[in-house]
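# Coordinate inspection notes
Below, each chain spelled out in residue letters.
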Amino acid sequence: MKETELRQALNDAITGCQLSPYRKCQILAQMKGENEPVKKKMTVSLAVVIAVLILTLGAAVALMHSNIADHLYRYGGEAPDALLAQIQTPQETAATPSGSLTLDELLYDGRALHTSVTLSNPTDELLLYTVDELSLGNLPLDRTGGDLLMEGAGSAGVLLGGTVDGIPLPESYVLYHEATYGHLLDENGKYLGQAAIPQGEHILRLTVTVWRPIQTPQIVDYRAYEGENPNETRQCLVTDETGYCNLWLFRPEDAYRAYNASQSGSEMYAEVFRQLGWAEGVDTLTLEVPVTLSSEGVQLAKPTQTSYQLDGCTFTLTSFQLSHAGGQLEGDLTGDPQAVRQLLRDGLQLVDREGRRLLNNGSYWGDMEDGKPVHLTMMLSPISGELPKEVWLAPAKEMNSQWDPLFAGPTYDPDAPVPEDAISIYRLDYERGCRMEME
Amino acid sequence: MQREALVPGVTDEEEMCRLMDAYSGALLGVCTLLLNDWSLAQDMVQETFLRAWKRRDYHPESEKAWLMRVAVNLCHDYHRSRWFRYNDRRITPEETMASAPAAFDSEIVQLVRQLPLREREVVVLFYWNRMTAEEIANLLEISRSAVYRRLDKAQKHLKLEWEGEGQP
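In this report, the structure presented in the accompanying data block is examined. (Residues numbered from 1 in each chain as written. Chains lettered and ligands numbered in written order. Predicted model: local features only at pLDDT ≥ 70, side-chain atom pairs only at ≥ 80, totals over all residues. Heavy atoms only, no water.)

In this fold, Asp240(A) is placed in the loop between strand S14 (238–239) and strand S15 (244–246). Of note is the side chain of Asp240(A), whose polar atom sits 2.6 Å from the side chain of Thr242(A). (Helix = DSSP H or I, 4+ residues; strand = E, 2+ residues; numbered from the N terminus. Polar contact = N/O pair within 3.5 Å; in protein donor to acceptor, adjacent residues only side chain to side chain.)

Helix H6 (residues 107–114) of chain B packs onto helix H1 (residues 3–15) of chain A with a crossing angle of 90° between their chain directions and a minimal axis gap of 9 Å. Taken as axis vectors, H1(A) and H6(B) run roughly perpendicular relative to one another. On the side of H1(A), the interface is formed by Glu5(A), Leu6(A), Ala9(A), Leu10(A) and Ala13(A), while H6(B) contributes Ile108(B), Val109(B) and Val112(B). For the contact of H1(A) with H6(B), the per-class residue count stands at seven nonpolar, no polar and one charged. (Axes fitted to C-alpha atoms, helices over the stretch in contact; angles between N-to-C directions. Parallel < 35°, antiparallel > 145°, perpendicular 65-115°, else oblique. Contact = heavy atoms within 4.5 Å. Nonpolar A, V, L, I, M, F, W, Y, C, P; charged D, E, K, R; others polar.)

Residue and element names in this part refer to chain A. If you trace the four strands from one edge of the open sheet to the other, you get S1-S2-S3-S9, paired in antiparallel fashion. Taken across any chain shown, the strands that pair with only one partner, and hence form the sheet edges, are strand S1 (92–96) and strand S9 (172–179). Between one strand and the next, the sheet's axes are offset by a mean angle of 15°, whatever the strand orientation. Where strand S3 (residues 113–120) lies against S9, eight bridges are found, and the strand directions are antiparallel. Within S9, the residue paired with His114 across the bridge is Glu178. (Pairing = 2+ DSSP bridges.)

What follows deals with the nonpolar core. Residues Leu6(A), Phe49(B) and Val123(B) are the most contacted members of the largest nonpolar core, which totals 68 residues. Sort the elements by how many residues they give to this core and helix H1 (residues 13–35) of chain B lands first, with 13 residues. When residues of this core are sorted by domain, at least three fall in each of domain 1 (1–99) and domain 2 (106–168) of chain B. With residues near it in sequence (within four places) discarded, Leu6(A) still touches Met1(A), Ile108(B), Val112(B), Val123(B), Tyr127(B), Leu158(B) and Leu160(B). With 31 residues, the next largest nonpolar core counts Leu134(A), Ala179(A), Ala195(A) and Val289(A) among its residues. (Core = buried A, V, L, I, M, F, W, Y, C linked by side-chain atoms within 4.5 Å. Buried < 20%, exposed > 50% of the residue type's maximum accessible area, 1.4 Å probe, protein only. Domains from an automatic or database assignment.)

What follows is the structure, encoded as structure tokens:
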């Protein structure tokens, strides 16, 4: 390999990355303290009020309030009734004296499985909870979307109940999770690849380990570490005022290097936590809920054709899924390499032109080798209101972050003149793009 | 009037937007290479900018270098939990990179991704970010000789031919 080839390959990979607009919004919202992690303290009186409300409104056809809907539309817009009607409310609970785990809501949107789960500590004792398994039948689900990402005894947990340094910690914690695929394994546990979330009847299984702190946890300000490796061993659990417990930041690698893969995760962490003086495992909560996943009734927008002409190239759809809960578009760009490069450089966007809605929630593309198609993937945002009858795929000809308060957050300028044809922060060059009719 | 340089040292939210526009893509790419995980990399970039915001009263010489330092350190720290991720949940790099841009699957980048973390991070910082051995040593809090050793090992693993340009 030559040095220039290495530099070029790294450059191609790194410069092809884009942070999604929603991720940027999330950062800005968190900066302003508007998007704190969903950690709600539920008092007895609040629980009673909620129970009465649920009983009173139990007969209502559509779900009036939903954690899943709140999450999907956290940047604006109202959940359409069609989506609310699809949300199942199993309200199934697994409870032991040391905790309860309730599957509050479930939504299958034809592609992804969304879940909302509440973890509660019914005792006055301070306990640590880690989410250690999420599966559908024999299919372990992807855990990279939502709160479950950092959970698990190896990475993070939440301390509930009791007080630390005089600060009362929450008694319950609401988790939202979105799985878009599962991990296909053979009988020996060897990874075979991704699998789509299967429709039909399954058992959804969620396992939570409950730990009792050995030594009194300590409140810290995680911000104090600023990404620098503190390189220190903590003799007790460390948390912040929300109860969030970062379990990897303060643990030296040596603590678990000696262990081997033949041990199960819970065995290994039980030993590591004990040695560190952090916690000992006291209980396991296992929730198994029979669920039926079906795309029947899910409103989907589907393009009527697969091939479209863009400026100097052809775009061939390989997959397209758009529901009220969002979706994904994938396809290949073929034709004049210069034209393909220019379109990508300008920024291809997918919009509902008539409804003036930006559908693109981040896109990325593959290698740009002359003569080979460039594979484009675009994540699509949740949509409130009617699904579009047609969408446009077109490059941007102008972008201004002052045009859209939702998209641009603090850079929004209410006094900035917004062109009539602007959608969010873009003006698109429709002549170089294509119209996709939907059915 | 020229604005005062920002972050860290961010003076307002507009500047934060500028920083994100300017550096988020590169940080995401570097984090993806270091973590071999597209989704986690996005989390690390998000955390990097949040930390920059919280430290906006700090004025480093180079905002890009500071952000890169925070991001690289975050990734470095996160690797402590990789044991769990790969062994307990049986998740492999193939799936954690499934959503990443296809350029990460090129033959050369695949080779880089297979390097041990210690070698991978110096390769990314040296060959892509064009940092000197001294800068890398400062960032990773290791000695310059350790940087040379890691580069040397990585070059052997990659069977890299020197062309002069990148000699540390």
